Every structure is written in C-alpha cells, then in structure tokens.
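Chain by chain, the residues:
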Amino acid sequence: MAFNHLPAGVHDALAPLSVTPVTHSMPMAKNHRSDRTPTDTATRLTPGAVLDRLTSGPSRAARITHTEHLPPRAGRHAVWPDRIRPEVVAAVQKCGIEHPWAHQARVAEHALDGESVVVATGTASGKSLAYLVPVLSTLLEGSEAPNGRGATTLYLAPTKALAADQCRAVRELARPLGNAVRAAVYDGDTPVEEREWIRQYANYVLTNPDMLHRGILPSHPRWSAFLRALKYVVIDECHTYRGVFGSHVAQVLRRLRRLCARYGASPVFLLASATAAEPAGAARRLTGLPVVEVADDASPRGELVFALWEPPLTELQGEKGAPVRRTATAETADLLTDLTLQGVRSVAFVRSRRGAELISVIAQERLAEIDRPLARRVAAYRGGYLPEERRALERALHSGELLGLAATTALELGVDVAGLDAVLIAGYPGTRASLWQQAGRAGRAGQGALAVLVARDDPLDTFLVHHPEALFDQPVESTVLDPDNPYVLAPHLCAAAAELPLTADDMELFGPACPDLLPQLEAAKLLRRRTSAWHWTRRERAADLTDIRGEGGRPVQIVEAGTGRLLGTVDEAAAHTSVHEGAVHLHQGRTYLVRSLDLDDSVALVEEANPPYTTVARDTTAISVLETDVEVPWGAGRLCYGSVEVTNQVVSFLRRRVITGEVLGETKLDLPPRTLRTRAVWWTVTEDQLDEARINPEILGGALHAAEHASIGMLPLFATCDRWDIGGVSIPLHPDTLLPTVFVYDGHSGGAGFAERAFHTARAWLSATREAIASCECEAGCPSCIQSPKCGNGNDPLHKRGAVRLLTVLLKGAPAEKEAEAGGVAQGEGVA
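Focus: the overall build of the protein
What the protein contains, in helices and strands, is 29 helices and 31 strands. Put simply, the protein has 832 residues, and 60% of those count as buried. Residue pairs at least 24 apart in sequence account for 74% of intrachain contacts in the protein once pairs closer than 6 positions are excluded. Roughly 31900 Å² of accessible area belongs to the protein as shown, and the carbon and sulfur atoms make up 50% of that amount.

Here it is, written out as structure tokens:
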C-alpha cells in the first residue's frame, strides 16, 4: 500500500491530536485464529478500559456526550428436534456446539413442520445455525433418495460478501457429511466454467436477488431440476429489503414462487434478521406468505459499551461564516489509528466510498509515522472494487492479518468476523436498524465490545448525540416497502410473462394492482394477449427492464486513462455527482482526477493526481405537482401527499480543502437534466400565517429553505431511510399551490414509502425539526441545524430564526393524530 498519496493538508489538520502507542487489546474468542504479534495481546482490557484510553486527555473526554452500557446476558439451552439427522447434530457438536439455544431449536421445529419462519434475534445469536441445521438434515435425507437429485436449497443474501462468507461457513459445517451437501456461490463473480456444474449438481446455491432476477428466473428451464426439488429458500438479513429495493425483491420472490409451482415445488421460506420491527408482518409482505415469528433471543451476550462522540468545534468558518466542527472523517481516522495501536481489532463504518478510502489512508499515514509495518494492517473495503480485491480483503480480515478496516455498508451485513473488538460508526447510518447492525459486528464471539457513534456536523447527528433516548429507548424502524408500486410491479409482470405467459390465476399472486396494469402494458406494446394469457413478445430480455436496486442504467466504468486499467465501477445514478469531469476519485489509497465522463459509453477516464482538495457536486431542482392524493388542513395551511415530477441537474462542483472543508472555488458543469416521477409530502402556509410568524418577503425564502433542510435531516428518525434517500424543494410562491410551499420527496421512481411515512407522522416529525433548529447553539445557522451537505444552492439563502417562527405557527394548526389519520388513508395503508 502506498502512503505518498495522502491529499495535501491532512498532516496539518491532524497535528493537534497526539497518538500514544500502547500494546493492549481486548479479549479474543477462544477459537479465533489471529496473526497478531505478541505485543498485540500483552494485556487484555474491557471495553470500558479501551474507551478510557481513547478519551485520555481533557480535550478527548469532553467529546463523549453519552455512554450506554448494555450488560451481559446468560444463554438458555434446548435440544434439537428429534427429526434432525444424528449426523448433522454430530457435525454441529464437532464445531464445539453441544446444545442449541432455545430459539434455534424452535426455528428448526417450524422448518421441519413446513412452516415459513423468520428468526429475529440479536446479532451473533446463531441465526445461521438455526436455519442451517434443518436445511442440512433435509439435504442429507434427500441425498439418500434413490433415482433422484434429492432436496435443494436456495440462499439469498443482499451482498456478494455475505454469500461468500456463508458459503465458507456451510462447507465447514457440512464437511463431515461428505458429498451430501454441495454448496456453491452463483453470482456475477462466478466463472462461466463453474456455472453449468452448479446448475446440474449443487444442492445448496448461494446467490443474491439481483442474480435471481436477471440470471436464474429468466433461464428457469436450465434450472428446472433444481427448482423442482427446491425445499427451502433462505432469506438472510431480510430487514435490508426495504423501500424500492425491498419492493422489487418482493416481486422477484413472487416470480420465484410461481415458477416453483410450475415445477411442482412449494418451498418453505426461512428468513433471518438481527434488526427487524414486527418481523412476521415484514416477512409476510416480502414473501406474500404467512410467516411464523421467533424473536425470543436465548443466546448469551457479552457486555456492550456504546459511546456517542461529538467532534470539537474548530476555529474555521464555513459557508456564510458558520462555525465548523472537525469532520467525522478525521475524527474516525484518529480513533481507528488509536485502536490499531492498541491491538484492538476494529471496523470503521463510513457512509460513502470516498470516506472509507480517506479514513484508511489517513490512518495508514499516521501509523506509518510510528510503525510502518503496522500501517499495512489497515485497509479500506467498499463496493466498486474488483472481485479479486474484495476476496483478498475478506481473507485478510478473517485471518487477523488486518487489524483495522474502514468499510462502507458493503461489509455491514452478517459477515461473520469473529474476534472483532470495536466498531466505529462515522455518522448516523440513517436508521436505528442499521446502527445496531453495524454495532453488532463487534463482540460476535461473545466477548465484550465497544461501539462509538461519531457525529457528523448535521442536524440529525447533532440531535441524536444530545438526545440518546432517541437511539437507546426506541425500537428499530418498521420495514417500509410497497410491492404494488406500479413503477415496481410493471416490469416484473413483463419479466414474469417472459418466463411463463401470465394468466388470470396469477393475479392474486402479484397483488391487487395487477389487473389494472396489464391493459396499460398491452397499450404500451410490452405485452400481447393471446386467448386467456399475456405474452412477452419483444426481442430484448424483459428482466433488463428494471434494476432492482432502483438505480437504473449501466454502471459507469472507471478507467485509468494512461493504462486502460479498469479501477472499478460507479452506479449510473451516482455518476453525475461522483465522476463528473474534474471530480476527485479515491481508490485503494490513491487519488485520481476525472478527466472526462462519457455518459453514452458509460466510461469515466481518470488519471492519478494529488490535489489538495476533494470535490462536491452542486445541483438545481424544480418540482411540479401531478396529483394530490390527500390534503389535511393545518390551521390555515395545508399538509398534502401525492405524486410529483422532479427535474434535477448537476450544474457545478465545489473544491473543498481536505479535512477542514474550506471552499477553494467552484467550477461550472454542463450535464443533462434528469426527471423523476415520485411521491412527496408538502406543506403550505398563508399570508396570515406569515404575518403571525413575522416573516417578511426578504427572509421568506431563507426561512422556508432552512425548514426544508432541517426536516430532511430529521426524517430518518421517523421513516426507514437516510437523508440521501430523499430530496426537498422550497419555493416562496409555487405555481401549483400559489402559496409558499416546502416539498420533501422520495428519491426513487414511483416512491419508496418515505414521504408517505412523513405525512402520517408529520406532527412529530416537524416538531422534532423545530426543536433541532431552536436548540442549536449557533447564531445564524450551521451544519448542525439548517445547512445541508448536498444543497444545490450553496446553503443560500437560509434564515434560522425565521424557520423556527414559521414552524411554530405551522404546528399550532396541526390536528391531533387521530384527526390527521381521519383526513386521509389509515397509517401504513399502501406502504406495508
């Protein structure tokens, strides 16, 4: 790993914080293999002691705003159902597990009874073993059946990393069973020469919903033997299937069930999640089947110390002279450096790919100044890497070769990294579910663990570190998905028709919106009705009509101009903001400048450089109301929900100094506009309300704009989203409403349920927004309250006091919750 590509300015920004080398670590799991040096394990410390070392010194100690202690918990054992094959029980015992936890035995019992079941117990509670034991027992039974392939199982993971990790675990557990269990990963990284063997011989296939949608279902005749014998479908980390992605996956699963029925199979669904609210209901919406819930966690748990950390204010000034806190990126890099020096195995979760790269580079640079070999034990892990790069990093993490890792959510889900001692979370990840998922990566072998949430300088993070009850006294969010969204359902009806002609018998499976959509698809010449069935008649593949991740378009390839080497990819939807001409791109510790972006050929050419800045795209947004579904009086004002069309265009980018965030300049861009039809919540105020709030025309735009920014920042507390899933527009006189209006909309075609959730919780949501602005200590607005990191107008105009007065008057007219529900559909209807 090269260390000479750290952007200029990093050394100076980090200089005030000293790092003292120590040689202590936290306990490791007894059976965990590690390549730590002897000094790494000189002394073992509790999570609290590690936190004390991180906060040594007066400046560090003041950054902790709250510490939550979750005590250890004893486990409760049970016995496996007597229908489990003794060979499987022996294989489990050979791994050191003498008896199952009570919830594991219950899951196995339901699975063997043919009941679909969701296990929703804590991180590291043995959910994988709960479904693997009945699955392996059934596969072993089937392998002895004469003249037949026997039973098969399909495993779905949201990420390739998790599928690869689970494949290793299955093979290890099933080794004593010989050839009875033939597990294989089938995804985009699987070599072509292996795919035919998997289709013909594998009986435990691990894949992801994307491959199921694009590869397996359209080619179902080649998978007929596998599907005919399909006994179980395992859906791991099922809470991740939310919003547009979850709605797509729900329809992919219905297509799978339809094809299985065609081949005479009716598989049992086994779902698992460590962080699901109302797990049975969420699993039912996802699969379309009745699902039994097992949520009583009987596993033991080590002590968890969870600290909330607020970086200090600096002497720098941001936009409009606002005070600036030290960035969560710089703070997290320091903490990762300190933990690595202590020998504490740690993962730092970062929201962006660029942030993960930057944190790893800073930590490597700091470590190299103290112990150069130690710097090689820190790396970055993110999406967009080439497959061989990802696999190498996963092996290094499993072996203990890596002590510190800066990772995006690509590593958040379920990857079993036994022996991790600490987790750093650089910025609230958007939902409590994701927060606990990330915190649960540490302590997975039963040892004590430390988790630290490092706040970013924005309204929600600032609110949370000063209101810990919003994190620790609230349940995780309900899973929001809408399979009946016509933007989601339509392409899946086309894909289903291409797989097998659609008939009236399929209407119930695909939901109540299906009968109305089929004539529209006929009119668009996507389907053709012949006798009693609808057929796909086009030459192109129907499965290519949609990207189930909701991203759309071909991924943009990032190519090194001088060599032609492929560095990685970026989603088409993100290309305008991340790899535009002049953008700074980080890849495995090296810095590149984008020389050109060709949207027609989906290629961004880059060249290695060392600029003293990062880049942030600026955009403009216009919005028009297509249809108002619900309108509720809020005093003289109105709260509305309906369909809108959003037109967005990236128009320029800022160059910001690394770490400090100081703006160095702005460059114009010429990129095409993009339109989005989606769902939105919006509110209006009247002239009388403006007079009551003492809002004159000079400050009206700034007051609306500030309220819009803060409300977007606070919505993740009330909907299963983060601020990057949603957008907003504020206009002093909107042409459709003819009043001052603030819009907040879903950032996905057809909507994702977030705006509808905002509509139903508007009183609490906007009250929290007002409190977040009013309680901020700044004078005129800052990133902690009303400034937004993605504002296309450079956070201008903004008026903090005007926003508080405006929201105060608006909330005075808010109806009680019961009245609000009576004004529209019941809460949750149509969202699921």
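Side note on the sheet that holds strand S24 (residues 590-598)
As summarised here, the arrangement of the five strands in space is S22-S21-S25-S24-S23, forming an open sheet in which the pairing is mixed. The open sheet has two free edges, formed respectively by strand S22 (566-570) and strand S23 (584-587), since each of these has just one partner strand. Ignoring strand direction, the axes of neighbouring strands in this sheet form an average angle of 35°. Summarising the sheet, S23 and S24 pair through four bridges and their orientation is antiparallel. Residue pairing across strands places His585 opposite Tyr592, the latter belonging to S24. With respect to the sheet, helix H14 (residues 353-370) is in contact with S22 and S23, its orientation differing from that of S23 by roughly 60°.

Some remarks on the packing of aromatic side chains
Inspection of the entire model under this criterion finds nine aromatic pairs. Aromatic side chains Phe306 and Trp436 sit 5.4 Å apart centroid to centroid with 75° between the ring planes, which places their arrangement in the edge-to-face category. Of this pair, Phe306 sits in strand S11 (residues 304-309) while Trp436 sits in helix H17 (residues 432-439); the two residues are 130 residues apart in sequence, bridging distant segments of the chain. Overall, the relative accessible area of 19% leaves Trp436 in the buried class. Ring centres of Trp436 and Phe472 lie 6.0 Å apart, and the angle between their planes is 70°; this geometry places the pair in the edge-to-face category.

Structural notes on unusual backbone geometry
With the exception of glycine, most residues fall at negative phi, and the peptide bonds are largely trans. Even without being glycine, Glu237 reaches a positive phi, approximately 50°. Along the chain, Glu237 turns up in the loop between strand S8 (230-235) and helix H11 (243-262). Glu237 sits in the buried class, given a relative accessible area of 5%. Phi at Lys525 takes a positive value of approximately 60°, unusual for a residue other than glycine.

Observations concerning the sheet that holds strand S10 (residues 292-294)
Spatially, seven strands are ordered S6-S7-S5-S8-S9-S4-S10 in an open sheet, and the strand pairing comes out parallel. The open sheet has two edge strands with one neighbour each: strand S6 (183-185) and S10. For this sheet, the mean angle separating the axes of adjacent strands, direction not counted, is 15°. Contacts from helix H6 (residues 127-143) reach strand S4 (117-119), strand S5 (152-156), strand S7 (204-207), S8 and strand S9 (268-272) within the one sheet, and its direction differs from that of S8 by about 165°.

Observations concerning the pairing of strand S14 (residues 346-350)
Across the five residues that make up S14, a large majority, five, are buried. Burial along S14 is two-sided: Ser346, Ala348 and Val350 and Val347 and Phe349, pointing in opposite directions, are all buried. Sheet topology places S14 next to strand S16 (residues 404-407); four bridges connect them, and they run parallel. Of the residues in S16, the one forming a bridge with Ala348 is Ala406. Judged from the five bridges that link them, S14 and strand S17 (residues 422-426) form a sheet pairing that is parallel. When the sheet's bridge partners are listed, Ser346 is paired in S17 with Ala422.

Comments concerning the confidence of the model for the protein
The predicted model of the protein has a mean per-residue pLDDT of 85, with 88% of residues at 70 or higher. Scored below 50 in pLDDT, residues 1-43 makes 117 contacts in the model with residues more than four places away or belonging to other chains.

Considerations on helix H18 (residues 459-466)
Among the eight residues that make up H18, seven are buried, leaving the element largely enclosed by the rest of the structure. Within H18 the residues assigned to the buried category are Pro459, Leu460, Asp461, Thr462, Phe463, Leu464 and Val465. In this structure, the buried residues of H18 make contact with strand S3 (64-70), S11, strand S18 (449-454), helix H19 (469-472), helix H25 (697-714) and helix H27 (762-775).

Side note on the side chain of His585
Structurally, His585 is set in strand S23. Residue His585 is classed as buried on the basis of its relative accessible area of 12%. Every residue in contact with His585, bar those within four places of it in the chain, is listed here: Arg382, Ile558, Arg590, Thr591 and Tyr592.

Things to note about the pattern of salt bridges
A full pass over the atoms with the stated rule returns 33 salt bridges. Here Arg168 makes a salt bridge to Asp165, at a shortest N to O gap of 3.2 Å. Here Arg168 and its partner Asp165 are both found in helix H7 (residues 160-174), three residues apart, which amounts to about one turn of the helix. Among the residues examined, Arg168 registers a relative accessible area of 35% and is labelled partly exposed. Asp165 gets classed as buried once you look at its relative accessible area, which sits at 4%. Residue Arg595 is joined to Glu607 by a salt bridge in which the shortest nitrogen-to-oxygen separation is 3.7 Å. Of this pair, Arg595 sits in strand S24 while Glu607 sits in strand S25 (residues 603-608), and the two are 12 residues apart along the sequence.

Cut-offs and rules
- Residues numbered from 1 in each chain as written.
- Predicted model: local features only at pLDDT ≥ 70, side-chain atom pairs only at ≥ 80, totals over all residues.
- Heavy atoms only, no water.
- Helix = DSSP H or I, 4+ residues; strand = E, 2+ residues; numbered from the N terminus.
- Buried < 20%, exposed > 50% of the residue type's maximum accessible area, 1.4 Å probe, protein only.
- Contact = heavy atoms within 4.5 Å.
- Areas by Shrake-Rupley, 256 points an atom, 1.4 Å probe, with all protein chains shown as cover.
- Pairing = 2+ DSSP bridges.
- Axes fitted to C-alpha atoms, helices over the stretch in contact; angles between N-to-C directions.
- Phe/Tyr/Trp six-rings, centres within 6.5 Å; stacked < 30°, edge-to-face > 60°.
- pLDDT = per-residue confidence, 0-100.
- Salt bridge = Lys/Arg side-chain N within 4 Å of Asp/Glu carboxyl O.

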